[in-house]
Structure formats: C-alpha cells, structure tokens
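Structure at a glance
For reference, the chains in residue letters:
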Amino acid sequence: MKLLEEKILKDGVIKSGNVLKVDSFLNHQIDVPFIAELGKEFKRLFADQKITKILTIEASGIGIACIAGMYFGVPVVFAKKSSGSNMDKDVYFTQIYSYTHNKVNDVVVSKRFLNVEDKVLIIDDFLANGCALEGLIDLVRQAGAAVQGVGVAVEKGFQGGGDKLRAAGIRVESLAIIDKMDAQSGTIQFR
Ligand code: 5GP
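Description of the structure in this document. (Residues numbered from 1 in each chain as written. Predicted model: local features only at pLDDT ≥ 70, side-chain atom pairs only at ≥ 80, totals over all residues. Heavy atoms only, no water.)

Our focus in this paragraph is the packing of aromatic side chains. Taken as a whole and assessed by the stated rule, the structure comprises one aromatic pair. Ring centres of Phe25 and Phe34 lie 5.4 Å apart, and the angle between their planes is 90°; this geometry places the pair in the edge-to-face category. Owing to a relative accessible area of 1%, Phe25 belongs among the buried residues under this scheme. If you follow Lys7 out to its NZ or CZ, it ends over the ring of Phe34, 5.1 Å from the centre. (Phe/Tyr/Trp six-rings, centres within 6.5 Å; stacked < 30°, edge-to-face > 60°. Buried < 20%, exposed > 50% of the residue type's maximum accessible area, 1.4 Å probe, protein only. Lys NZ or Arg CZ within 6 Å of the ring centre and 35° of its normal.)

Taken together, 17 residues sit near the ligand, with Leu20, Asp124, Asn129, Gly130 and Lys156 positioned nearest. At 2.8 Å, a backbone N or O of Asn129 approaches an oxygen atom of the ligand. Note that an oxygen atom of the ligand is positioned 3.1 Å from one of the backbone N or O atoms of Cys131. In the complex, the protein chains occlude 90% of the 500 Å² of accessible area that the ligand would expose alone. (Near = heavy atom within 4 Å. Polar contact = N/O pair within 3.5 Å; in protein donor to acceptor, adjacent residues only side chain to side chain. Areas by Shrake-Rupley, 256 points an atom, 1.4 Å probe, with all protein chains shown as cover.)

This next bit is on the pattern of salt bridges. Applying the stated rule across the entire model yields 14 salt bridges. Glu5 is paired through a salt bridge with Lys2; the nearest N and O atoms lie 3.8 Å apart. Placement of the pair is Glu5 and Lys2 together in helix 1 (residues 2-11), with a separation of three residues, close to one helical turn. Note that Lys53 is salt-bridged to Asp118, the shortest N-O span being 3.3 Å. Note that Lys53 is positioned in strand 3 (residues 53-57) and Asp118 in the loop between strand 6 (103-110) and strand 7 (119-127), a separation of 65 residues in sequence. Taken as a pair, Lys53 and Asp118 share a single burial class, namely buried. (Salt bridge = Lys/Arg side-chain N within 4 Å of Asp/Glu carboxyl O. Helix = DSSP H or I, 4+ residues; strand = E, 2+ residues; numbered from the N terminus.)

Let us now look at the nonpolar core. Core analysis: the biggest nonpolar cluster contains 32 residues, and Leu4, Ile8, Leu20, Leu38, Ile54 and Phe72 have the highest contact counts within it. Sorting the residues of this core by element identifies helix 1, helix 2 (32-45), helix 3 (62-72), strand 7, strand 8 (146-156), strand 9 (172-182) and strand 10 (187-190) as the ones contributing at least two each. Beyond its immediate stretch of four places on either side in the chain, Leu20 contacts Ile8, Gly12, Val13, Ile14, Phe126, Val154, Ile178, Met181 and Ile188. In terms of nonpolar packing, the next biggest core, distinct from the first, is built from 24 residues, Val77, Val109, Leu136 and Ile137 among them. (Core = buried A, V, L, I, M, F, W, Y, C linked by side-chain atoms within 4.5 Å. Contact = heavy atoms within 4.5 Å.)

Attention now goes to the layout of surface pockets. Of the pockets and cavities examined, the largest pocket occupies roughly 720 Å³. Taken together, the elements giving at least two residues each to the lining of the largest pocket come down to strand 2 (19-21), strand 5 (91-98), strand 7 and helix 4 (131-142). Broken down by element, the lining of the largest pocket gets its largest block of residues, four residues, from strand 7. For the lining of the largest pocket, the class distribution of residues is 14 nonpolar, 10 polar and seven charged. (1 Å grid on protein atoms, 1.4 Å probe; cavity = no way out; pocket = protein on both sides within 12 Å on 5 of 7 lines; lining within 4 Å. Points joined across faces, edges and corners; volume = space filled by probe spheres on them. Nonpolar A, V, L, I, M, F, W, Y, C, P; charged D, E, K, R; others polar.)

Inspection of the secondary structure puts Ile123 in strand 7. For the pair formed by Ile123 and Gly186, sequence separation is 63 residues and the distance between their alpha carbons is 27 Å. Ignoring any residue separated from it by four or fewer positions in sequence, one finds Ile123 in contact with Phe42, Ile54, Leu55, Thr56, Ile64, Ala65, Ala68 and Gly151.

What follows deals with the packing of helix 2 against helix 3. One can describe the packing of helix 2 onto helix 3 by two numbers: an axis separation of 8 Å at closest approach and a directional angle of 55°. Here helix 2 lies oblique to helix 3, going by the angle between them. In the crossing of helix 2 with helix 3, the sense of the turn from one axis to the other is right-handed. Residues Val32, Ile35, Ala36, Leu38, Gly39, Lys40, Phe42 and Lys43 of helix 2 pack against Gly63, Ile64, Ile67, Ala68, Tyr71 and Phe72 of helix 3. (Axes fitted to C-alpha atoms, helices over the stretch in contact; angles between N-to-C directions. Parallel < 35°, antiparallel > 145°, perpendicular 65-115°, else oblique. Left-handed = near helix turned anticlockwise from the far one by under 90°.)

Written out as structure tokens, the structure reads:
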C-alpha cells in the first residue's frame, strides 16, 4: 500500500535490533484518519470473506483493529497479557514470545468472546518472526473457530514469519512488506 510505504519512509525510525518505530502514527500516538485508510484497505482485501470477529493482541494492535472493526461492522476482541491465568477455566490460554521485549507473555481470551461459530480475522501492527500471530491462531483454534485470514500493517519480510504462516496455509495480507532496512543509513526497501 503506497500510502503506508510513504508514511513509513517519512516518519518511521529504524532502531537497533531490526526494530522499526512507527509510534508517531500507528502504535503510540495514533493518526486516526491515516489508520482509517489502513482499516478500509483490510476491508477491501478481505471483502470475499465472511468475518464475524476481529482478534488482536494488546496493546499496539488495538487501535488498528478497532478501526478495521468499524469497516467490517464486527466486534473486536483483544487478547490480554496476564499472569498465572492458565488455570482459569473461563479463558483460552497461550504463551507468546515478545520480539520487542524479549520475554514470554501469558496471553488469554475469555471463552465468552470466541466460539465455534466465529470466523475470525486476526489483525496486528507488525509481523516479524510470527510468534504473536501463531499465538493468536492457537487461541482461535482452541475456540474451535475459523481463521479466515491475517491482516498486518507492516511485515518485516526478512524475518520470515509471514512466509512461515503462508506456507502453513494461512492467508496473510500485509499492507507494507519490508525486505531490507538499515539503521545506519536509514534506508528501507519494500518488496
Ligand atoms: P513477531 O511475534 O512476529 O516476532 O513480532 C510481532 C510483534 O512484535 C508485534 O505484535 C509487534 O508489537 C512487535 N514488533 C515486532 N517487530 C517490531 C518492530 O519492528 N517495530 C515495532 N514497533 N513492533 C514490532
């Protein structure tokens, strides 16, 4: 998506450890009219799918998922990071390694908000190694619901998570795919 690529080139900042900061418009301060365009694009890309729910993970996926939820006209559920809830019978539980924080989080979704009839679109801000999305897919499958697809704003293609998910038969739509980025020169190359 040209609009997102241009915004990344203008406002994105490359940090060490292959981290791209887009916190001036996507996941800290949020440029709402701008991310509305991303939500609209997800709706266009998944127009052929029946979607009953959008699932994301707190915290940084929530903004974009909510805007997408407006265009799809469905509820948005966000998986919560919690401690020690795996014994709770009322939640689906998984563990997700956080790329940016270098730790494993316990993650839960209440059984009230995902069920066997749901057709779920998973949305997140970033796709790197794929751990976050694999965890969310696990939660959907525990509910017996269907994963209709995954929509991410920025995929870092060079980290391989997207290709792994596609090889596993998951439909992944990324609005911008970065093939290369260099912190020293500040250059970003899109697929
Ligand atoms: P993965 O689980 O695919 O390795 O990483 C995806 C998760 O880590 C996303 O939910 C996102 O919050 C975070 N993440 C991964 N890479 C980046 C990055 O370059 N920039 C930012 N802002 N977040 C990232």
